[in-house]
Amino acid sequence: MDRTNKPKLDQRRAPIYEALENFRQMRVVPFDVPGHKRGRGNPELTAFLGEQCVSVDVNSMKPLDNLSHPISVIREAEMLAADAFGASYAFLMVGGTTSAVQSMLLSSCKRGDEIILPRNVHRSVINALVLCGAVPVYVDPDVDRRLGISLGMCRRDVARAIREHPNAVAVLVNNPTYYGICSDLRAIVRMAHEAGMLCLVDEAHGTHFYFGDDMPVSAMAAGADMSAVSMHKSGGSLTQSSLLLIGPQMSVGYVRQIINLTQTTSASYLLMSSLDISRRNLALRGRTVFARVGEMAEYAREEINEIGGYYAFGKELVNGDSVFAFDTTKLSVHTRDIGLAGIEVYDILRDEYDIQIEFGEIGNILAYLSMGDRPQELERLVSALADIRRRYQRSSIGLLSQEYIDPEVVMSPQDAFYAPKRSVPLEKSVGEVCSEFVMCYPPGIPILAPGERITSQILDYIEYARSKGCSLTGPEDLAIENINIVIGGKK
Amino acid sequence: MDLWFSEFHTPDVKHSIRVTRHLYSGRSDYQQIDVFDTPEFGRVLTLDGSVMLTERDEFIYDEMITHVPMAVHPNIRDVLVIGAGDGGVVKELTRYSQIRRIDLIEMDPQVIEVCRTYLPENASRLDDERVHIRFENALRSIRRSNGNYDLIIVDSTDPFGPGEGLFTREFYGNCFSALRPDGIMVNQQGSPFYRQDAEAMQRSHKRIYTTFPISRIYQAHIPTYAAGYWLFGFASKRYHPVDDLNAEKWSSLGLETRYYTPLLHVGSFYLPAFLENMLREVEQDNSQTVL
């Protein structure tokens, strides 16, 4: 397997963690920020988070390096991460994978450039387009009509987009999707490179691809140019920590400059050390850990499918193209056949069974399994689903299936976002051009993005999602009764 | 030598028993298991440092969790016992000739091994031919049984350890499905006295109350459990624990008991005012997901 990356550096090292441990021993007197001074100045916070934790909440300094310009321990940690992930270089990110995605896009496109991408991307991707002014060329993702979920991009659709937009600068792939669905990444990388375009990968849900056997190919192994990896999802690091990986074609210095445009100059050592320690754990034990997660997910799938009514889908979706591979560590369940929307099952699980899952949408729920799970909790989840079916099963007539709505892009997200605009009641917005986002969160995939035409089909979908209890976010009006539209955009 | 076993009943309350010998100490896949000899309570089994049973007072627990449902339901034939690896509950059940099958589900085989070795009196009836022991996760096995039982006895550890899954709504719901249309579920409901215990008791009572048409609490005095004051839950699809008590029939069986009597049966359902209030609080809270 060519993608099995063999690290060359000593992955038992964790330079940032080691430097912090040394630093603690030195008992340096702090006359620098942060002002809580190892927690002494904020006893309530120290009591809550623990002395150990606040004592390493420190500032950049010579022995601890500086994330904006790393030359010692942070640089070593980044090189170790690159080695572990098989990348040319890896940047530690402290602004979430959102910042990794944005840096990836800002590094590869400028105002007016075209970028090819599927519409079911995370909001952070389209946010980046608002920032840089690039113009999206959407490839319709394939759709599974039974499940009502977007799949990956078909090869011929990517090829057509490249042919029709030869000047586009990059192709962005969502790999895997939230549901664990992968496109044919190697083929897409090849097509992009042949056309002189970069291939960028939003790999937020694929950290474990770098550390597992029988897993879908990772972005770096497939030859992609950049990838945003959510270490805090399957990688086990602290929330908000992330990695940006790059291939040999990219300039380390230029990407660093781009990152520094928006990244904090007071990067948290809690986040950075969590990346360092988690990378070490993944490199040393990742294969065993993720094999176990995969087994647990397979077990849960079998048990859930045995309940009846539910469909916990898996590898059988693989079709050689738009579902080129399936990430079996993901546990998604189609709920519509028991007469409940996914969001309803999500709410019942939390309200009545004290079980919090990742998200529920129109037809499906997703339970996030990871290295921290144990069989006994999995039994609770399966049993709760069995009990929900016993108590609530009803006819599924009247339940919508989620449809992929092919958007009409009227102007670039940046032009629409900054255009003269006004607020109108949602129901009076049909035909207008939207100047902001509307999405259910999670999963955070926009229903409407800036620059897209508002249709009655989209409004119906928003209304339905709202009535089922989806949490809608995005618009300036938090109540989501009004929406900002571009003045003069109406057809 | 001054050797004591201590258990924290709250962070600020400690219950100690003088120990003459520490007979066994071992760690299973699930928990820490210890056996002591003590002058006051005889042999003592602890799991994760909590007293599970003592030779001196186990009869109270085992009798109250067994005879109360047996004296109510007119014809219990198939019984499921969850937890109870020490064999005490099974020992009481096997005294009834009407019972034809007892399934015992215990997740931890090591508990049964230890009890067979160190508490042979209790564990002796585990070899009764009606008893079928399965070592597995109770949530999993109960999901798979549909309407096969007349009685389910949940003899769990406390809700803050490996037994947590046995205090959940999903577990009670699947118990409901596993019972015949006139079935009964009895469980140990913890203690209402100390705050943390009381809150756990309220949570699980609410879950049972919203799952079964009849759900009542009864009490007993058990010296080695927290506050010496213990509760049981009686949940049932048809029979009322007091109205449907058939004292004459039970008495005619001639079973000798040391704690349970049909008169105490009725009395154990009369609860102190503070506990009635606690139960009312959760019984009247009808916050369910509205679909």
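Just so it is clear, the structure is predicted and the values come from calculations on it, not from any experiment. (Residues numbered from 1 in each chain as written. Chains lettered and ligands numbered in written order. Predicted model: local features only at pLDDT ≥ 70, side-chain atom pairs only at ≥ 80, totals over all residues. Heavy atoms only, no water.)

## Side note on the interface of chain B and chain A
At step 1: Tallying the contact residues gives 19 residues for chain B and 24 residues for chain A.
At step 2: The contact between chain B and chain A buries some 1,800 Å² in all, and 45% of this surface belongs to carbon and sulfur atoms.
At step 3: Inspection of the chain B/chain A interface yields 9 salt bridges.
At step 4: The partner of R144 of chain B in a salt bridge is E306 of chain A, with the nearest N and O atoms 2.9 Å apart.
At step 5: In this structure, the connection of chain B to chain A is made through 13 residue pairs in polar contact (both at pLDDT 80 or more). (Contact = heavy atoms within 4.5 Å. Buried area = accessible area lost by both parts, 1.4 Å probe. Salt bridge = Lys/Arg side-chain N within 4 Å of Asp/Glu carboxyl O. Polar contact = N/O pair within 3.5 Å; in protein donor to acceptor, adjacent residues only side chain to side chain.)

## Thoughts on the domain arrangement of chain A
Residues and elements named next belong to chain A.
At step 1: Splitting chain A by domain gives domain 1 (287–392) and domain 2 (413–486).
At step 2: Distance from the C-alpha centre of domain 1 to the C-alpha centre of domain 2: 30 Å.
At step 3: Contact residues are listed per partner, giving 7 residues for domain 1 and 8 residues for domain 2.
At step 4: A combined buried area of about 650 Å² lies between domain 1 and domain 2, and 73% of that area is made up of carbon and sulfur atoms.
At step 5: Ranking the residues of domain 1 by area buried against domain 2 places I343, F359 and I362 at the top, with a combined share of 61%.
At step 6: E344 is the partner of K468 in a salt bridge, and the nearest nitrogen-oxygen pair spans 3.3 Å.
At step 7: Where domain 1 touches domain 2, the interface holds 1 residue pair in polar contact (both at pLDDT 80 or more). (Domains from an automatic or database assignment.)

## As for the pattern of salt bridges
Residue and element names in this part refer to chain A.
At step 1: In this structure the tally under the stated criterion is 50 salt bridges over all chains.
At step 2: Of the charged contacts, one joins D321 and R155 as a salt bridge, the two residues approaching to 3.9 Å between their closest N and O atoms. Here D321, found in the loop between β11 (311–312) and β12 (325–326), pairs with R155, found in helix α7 (residues 155–164); they are 166 residues apart in sequence, far enough to count as distant.
At step 3: Here D321 falls in the buried class, since its relative accessible area comes to 18%. (Helix = DSSP H or I, 4+ residues; strand = E, 2+ residues; numbered from the N terminus. Buried < 20%, exposed > 50% of the residue type's maximum accessible area, 1.4 Å probe, protein only.)

## Let's talk about the domain arrangement of chain B
All names here are of chain B.
At step 1: Here chain B is described as being made up of domain 1 (4–54) and domain 2 (58–283).
At step 2: Centre-to-centre, using C-alpha coordinates, domain 1 lies 22 Å away from domain 2.
At step 3: Listed as interface residues are 24 residues of domain 1 and, on the opposing side, 21 residues of domain 2.
At step 4: At the boundary of domain 1 with domain 2, total buried surface from both sides reaches about 2,000 Å², with 66% on carbon and sulfur atoms.
At step 5: Sorting the residues of domain 1 by area buried against domain 2 places H9, Y30 and L53 first, and these three jointly supply 26% of that buried surface.
At step 6: For the interface between domain 1 and domain 2, the tally reads 0 salt bridges.
At step 7: At the junction of domain 1 and domain 2, the tally comes to 6 residue pairs in polar contact (both at pLDDT 80 or more).
At step 8: Contributions of two or more residues to the side of domain 1 that touches domain 2 are made by β1 (4–10), β2 (13–18), β3 (21–27), β4 (32–38), β5 (42–47) and β6 (50–54).
At step 9: At 5 residues, β6 tops the list of elements feeding residues into the side of domain 1 that touches domain 2.

## Concerning the sheet that holds strand β18 (residues 446–448) of chain A
Residues and elements named next belong to chain A.
At step 1: One open sheet holds the 3 strands; their spatial order is β18-β17-β19, and the pairing between them is antiparallel. Across the chains shown, the open sheet's two edge strands, defined by having one partner strand only, are β18 and β19 (472–473).
At step 2: Bridging between strand β17 (residues 438–440) and β18 involves 2 bridges; their strand directions are antiparallel. Looking across to β18, one finds that V438 is bridged to L448.
At step 3: Across the sheet, helix α14 (residues 456–467) touches β17, β18 and β19, and the angle it forms with β18 is around 130 degrees. (Pairing = 2+ DSSP bridges. Axes fitted to C-alpha atoms, helices over the stretch in contact; angles between N-to-C directions.)

## A look at the sheet that holds strand β12 (residues 214–221) of chain B
Residues and elements named next belong to chain B.
At step 1: Read across the open sheet, the 7 strands follow the order β9-β8-β7-β10-β11-β13-β12; overall the sheet is mixed. Each edge of the open sheet is held by one strand with a lone partner, namely β9 (131–134) and β12. Neighbour-to-neighbour, the strand axes of this sheet turn through a mean angle of 15 degrees, independent of strand direction.
At step 2: Note: β12 against strand β13 (residues 229–236), 8 bridges, orientation antiparallel.

## Some remarks on helix α10 (residues 269–307) of chain A
Residues and elements named next belong to chain A.
At step 1: Along its 39 residues, α10 runs just 46 Å from first to last C-alpha, ending more than 12% under the 57 Å computed at 1.5 Å per residue.
At step 2: Two or three places before L270, at the start of α10, stands the capping residue S268, its side-chain oxygen 3.1 Å from that residue's backbone nitrogen.
At step 3: Residue G308 follows α10 closely and has a positive phi angle near 95 degrees. (Expected span 1.5 Å × (residues − 1).)

## Overview of the environment of G180 of chain A
Residues and elements named next belong to chain A.
At step 1: Tracing the backbone through its elements, the reader meets G180 in the loop between β6 (170–174) and β7 (181–182).
At step 2: Residues G180 and Q102 lie 78 residues apart in sequence; the distance between their C-alpha atoms is 22 Å.
At step 3: Ignoring sequence-local partners within four residues, the contact set of G180 consists of A325, F326, D327 and K330.

## Some points on the layout of surface pockets
Residues and elements named next belong to chain A.
At step 1: By volume, the second largest pocket is sized at about 990 Å³.
At step 2: Contributing to the lining of the second largest pocket are 44 residues, with N120, V121, Y178, P443 and I445 lying nearest its centre.
At step 3: Listed by contribution, the elements that provide at least two residues to the lining of the second largest pocket are α5 (96–108), β5 (149–150), β18 and α14.
At step 4: Per-element accounting of the lining of the second largest pocket gives the leading share, 4 residues, to α5.
At step 5: A class-by-class count of the residues in the lining of the second largest pocket yields 21 nonpolar, 16 polar and 7 charged.
At step 6: Structurally, the lining of the second largest pocket is a two-domain feature, drawing no fewer than three residues from each of domain 1 (287–392) and domain 2 (413–486). (1 Å grid on protein atoms, 1.4 Å probe; cavity = no way out; pocket = protein on both sides within 12 Å on 5 of 7 lines; lining within 4 Å. Points joined across faces, edges and corners; volume = space filled by probe spheres on them. Nonpolar A, V, L, I, M, F, W, Y, C, P; charged D, E, K, R; others polar.)

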